[in-house]
Each structure stands twice: as C-alpha cells, then as structure tokens.
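Coordinate analysis (summary)
Listed below are the residues making up each chain.
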Amino acid sequence: MVEALGVAVVGFGWMGRVHTQAYARVRHHYPRLALRPELVTVAEEVPGRAEEAAAQFGFASTTRDWREVAADPRIGAVSITAPNFLHREIAVAMAEAGKHIWIEKPVGLTAGDARAVADAVAKAGVQGAVGFNYRNAPAVEAARDLIGAGEIGTVTHVRIRLFSDYAAHPESALTWRFERERGGSGVLGDLASHGADLARFLLGDIASLTADTAVFLPERARPAAATAGHSRAAGGEPGPVENEDYVNCLLRFASGARGVLEACRVSVGEQNNYGFEVHGTTGAVYWDFRRMNELGVSRGTAYQDQPVSTVYVGPGHGEFAAFQPGAANAMGYDDLKVVEAHRFLRSVAEGTPYGATLTDAVHSAAVLDAMARSAERGTWVVPELPG
Ligand SMILES: NC(=O)c1ccc[n+]([C@@H]2O[C@H](COP(=O)([O-])OP(=O)(O)OC[C@H]3O[C@@H](n4cnc5c(N)ncnc54)[C@H](O)[C@@H]3O)[C@@H](O)[C@H]2O)c1
C-alpha cells in the first residue's frame, strides 16, 4: 500500500529546484517506495519565485514565510534548501513541529548549529537526511566497499580535492555565501564539508588535523537584485569577502592513515574538480566527479608498475541499477539527489535511517570547526567529534 506524504521545499534556489525534481522523479526510479511524495508548498522569500516554482512543478500552494510550513498539517516532510544561516532555525522549528527533514549541507554555520539540529531531530523522533550527495555515487560506494574488503591492503594515505571556479570571476556577486553571518566559513562549508564527509565515509574518523586558509579575492560587487546560485553583479558597490576562498589541510585518521584535503572556490580552470585518490599497501583507488561513473583501481601483488584499470560502474554497484540497465550508461548529478530522496523517504516509511544523517553532518561540521581553529592558531587540532 502506497501512502501519500505531503512535502514542502523551503528556499527555491539551485538546491530547492534539485530537491523538487528529485521528489518528482523518485518513484520513477524506485517504484517499490512505500511513500508517494506530494508537493504541497514551496516557501521562498523572493517575490514571484515560489509562484514560478508552483507553476512549473505543481506545488499546491506557496508562501513567503517558512513558519507557515511548520504549522501546516498537510506537510510531513520538509526540504531545507535555504542559505546556511537559516538552517538551524528552520530545521529545529520543523523537527519540533514533527516534520521529517532533508537538509542541505553544511547544516548551519558551525558544529554547534549542526548539533542543535541533530538534537532537535533526535528529540522529536523524526528522520533527518543530509545533502552529502557525492557519497551516493555508485563509484564512491564501490570504492568504500573495495577499501573495506582490503583490496588495496591497509590504507596508507589519501588526497581529497574540491576545486571550483564558481567564485573565481571578479564580478561574481557578493551573495550570502561570502558573509560570515549568513554563509559561515566560506569554502569550508561549501566544499570542504563534502570532503570531510567523503573522508569519513571512505576511511573512518579523523583524529587530528592542521589547516591553512586564505581569501584570494577580498572584495566583490554587491548585487542590485535577488540572486540564485552563483550570480554576477558587474558595477555593483564593492564590499568585503568575509570568509575563506581556500583551505588546505593535513589529516591524521584514527586508523593511522594520513591525508590531504584541499578545497578552493576561486580556482580558474577548475570546474567541479572533485575527487580522491586513496592509497593502500597493495593498491589504490581513484575517483573524479567529472567522470562520476568510473573508478580507477590498481590492485594485485606487483607493488611496482602495477597497472591501473578503469571500472565503469554498473548494476552491481550502489544504486546504479535504479537508473541504468548496463555499465557505462552515465548517471548524472541530479540522479545522486534522487538516490538521496529515496533514502530519505525510505527512512520516513520504515522509521529507520538510510543514507547520510545529521550525525554525519555533526562529524563533518566538527572537522570544519577544527580546520578553522587550526588555521587561526597554526597548530594541530583534535576535532570535537560526537561520542
Ligand atoms: N549538496 C550540494 O551539492 C549543494 C550544492 C549547492 C548548494 N548546497 C547547499 O544548499 C543550500 C542552498 O544553496 P543554493 O545554491 O541553492 O543557494 P541559492 O542562493 O541558489 O538558493 C537559496 C534560496 O533560498 C531563498 N531564501 C533566502 N531566505 C529565505 C527565507 N527566509 N525563506 C525562504 N527562502 C529563502 C533565496 O531567495 C534563494 O532562492 C546551501 O546551504 C548550500 O550549502 C548544496
């Protein structure tokens, strides 16, 4: 028996659209899902944006005030895709109102915010899914399985990179992302949060770290009108960039493995260059988001000159079979969000979590806080991970 679940989306920028599309598609890919999401309300503060979303995707109603979503008995689950500074307030209110939440990373501005949301979700007994979508890629799941099975021996070291040019243009608008009060710690929350999650997903907890950060473009132009995603504001009044463009970080894992995590939002020539190289005593695995469905694998007993082969993920890997019938038919970014929607809705249907949760968000945020502290003090720092 399939039951309807009323859903709302709060914040209809890039991620609001992607979550909405995922709700619309999820049953196409997962016909056995016990819930049918129904688009009840979209909350958006920019005039007209919610109405446009409703016209395009069929939300039954719209609002400028997300508090109406919390009070609406038709709604059982809420996507929180508003800017980072609103995550905590909205998420806690939704959980307290008994709504299940699917919230975007980094879940607030600090680890304290992520913990507050995790606590509220636990106290309310609702489900809380988090947008760490890269771990949903079948190749990333395959890498984790392969590492866990000891196929590259004992992991020695890893490099995790997240390089982007989304903020590289000198005319890119001074949006909420570049303000400490509304965007938090810049590229740390934006990109390194995904890196910290991937590090833990693949290799377990980070025991200590040391980091360095930089702001390479200290001023940007204020936008004259509402923005979404990464807008330009040529000629706008200049204002200061208050948070990090760049972070590099040395990692020591609890396992003893070592790592390097580097993230930058102003890397000219880099478009979504996200990925990792994990090395072990007998082999290695390589993944690049831009070739999301491929995994580079070196394994064997040769040690030196050991070949690297390309595995095209297929129906045996992760959630691939829900999207394509055979290996090397490509999945895309939005499909990772459909996987996430499915895991979220399955969590709601079965009352048990699947996929990334708020515990994962607290871990990632604790690592980001540790990076910020380390950069400030110039020392190694132990992240305050949840017990
Ligand atoms: N998982 C990923 O790969 C990924 C990618 C991009 C962004 N994100 C995260 O998603 C979130 C949103 O990012 P985005 O790129 O979609 O930003 P965006 O600026 O495109 O969209 C945010 C939207 O929220 C709206 N908004 C602002 N205040 C509001 C309020 N009080 N009530 C309702 N709506 C309000 C804005 O008008 C805008 O439409 C951020 O937390 C970001 O870190 C995640």
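So, here's what we can say about the structure. (Residues numbered from 1 in each chain as written. Predicted model: local features only at pLDDT ≥ 70, side-chain atom pairs only at ≥ 80, totals over all residues. Heavy atoms only, no water.)

**Some thoughts on empty space enclosed by the protein**
All chains considered together, the criterion is met by five cavities of 30 Å³ or more. In this structure, the largest cavity occupies an estimated 60 Å³ of space. As for the largest cavity, its lining consists of Ala 196, Asp 197, Arg 200, Gly 204, Asp 205, Ile 206, Asp 360, His 363, Ser 364, Val 367 and Leu 385. Among the elements of the structure, helix 8 (187-203) and helix 10 (358-377) are those that each provide at least two residues to the lining of the largest cavity. Per element, the largest residue contribution to the lining of the largest cavity is four residues, and it comes from helix 10. For the lining of the largest cavity, the residue count by class is four nonpolar, three polar and four charged. (1 Å grid on protein atoms, 1.4 Å probe; cavity = no way out; pocket = protein on both sides within 12 Å on 5 of 7 lines; lining within 4 Å. Points joined across faces, edges and corners; volume = space filled by probe spheres on them. Helix = DSSP H or I, 4+ residues; strand = E, 2+ residues; numbered from the N terminus. Nonpolar A, V, L, I, M, F, W, Y, C, P; charged D, E, K, R; others polar.)

**Regarding the environment of Ser 309**
With respect to the helices and strands, the residue Ser 309 is situated in strand 16 (residues 309-312). Sequence-wise, Ser 309 and Arg 299 are 10 residues apart; in three dimensions their C-alpha atoms are separated by 8.9 Å.

**A few points about the pattern of salt bridges**
Side chains that differ in sign of charge can pair as their charged atoms come close. Overall, the coordinates contain 26 salt bridges when judged by the stated rule. Of the charged contacts in the structure, one is a salt bridge between Arg 290 and Asp 288, with a shortest N-O distance of 2.8 Å. Among the residues examined, Arg 290 registers a relative accessible area of 45% and is labelled partly exposed. When its relative accessible area of 17% is taken as the criterion, Asp 288 is described as buried. Residue Arg 291 is joined to Glu 294 by a salt bridge in which the shortest nitrogen-to-oxygen separation is 3.1 Å. Salt bridges sharing common partners tie together Arg 135, Asp 197, Arg 200, Asp 205 and Asp 360. (Salt bridge = Lys/Arg side-chain N within 4 Å of Asp/Glu carboxyl O. Buried < 20%, exposed > 50% of the residue type's maximum accessible area, 1.4 Å probe, protein only.)

**Structural notes on the side chain of Ser 193**
Positionally, Ser 193 belongs in helix 8. Judged by relative accessible area, which is 0%, Ser 193 ranks as buried. Those residues in contact with Ser 193 that sit more than four places away from it in its chain are Lys 105, Pro 106, Phe 132, Leu 188, Ser 364 and Leu 368. (Contact = heavy atoms within 4.5 Å.)

**Describing unusual backbone geometry**
Following Lys 105, the chain continues into Pro 106 via a peptide bond in cis, with omega recorded as 5°. One can find Pro 106 in the loop between strand 5 (100-103) and helix 5 (111-124). One non-glycine residue, Asn 272, adopts positive backbone phi at about 50°. The phi angle at Tyr 303 is positive, at roughly 65°, despite the residue not being glycine.

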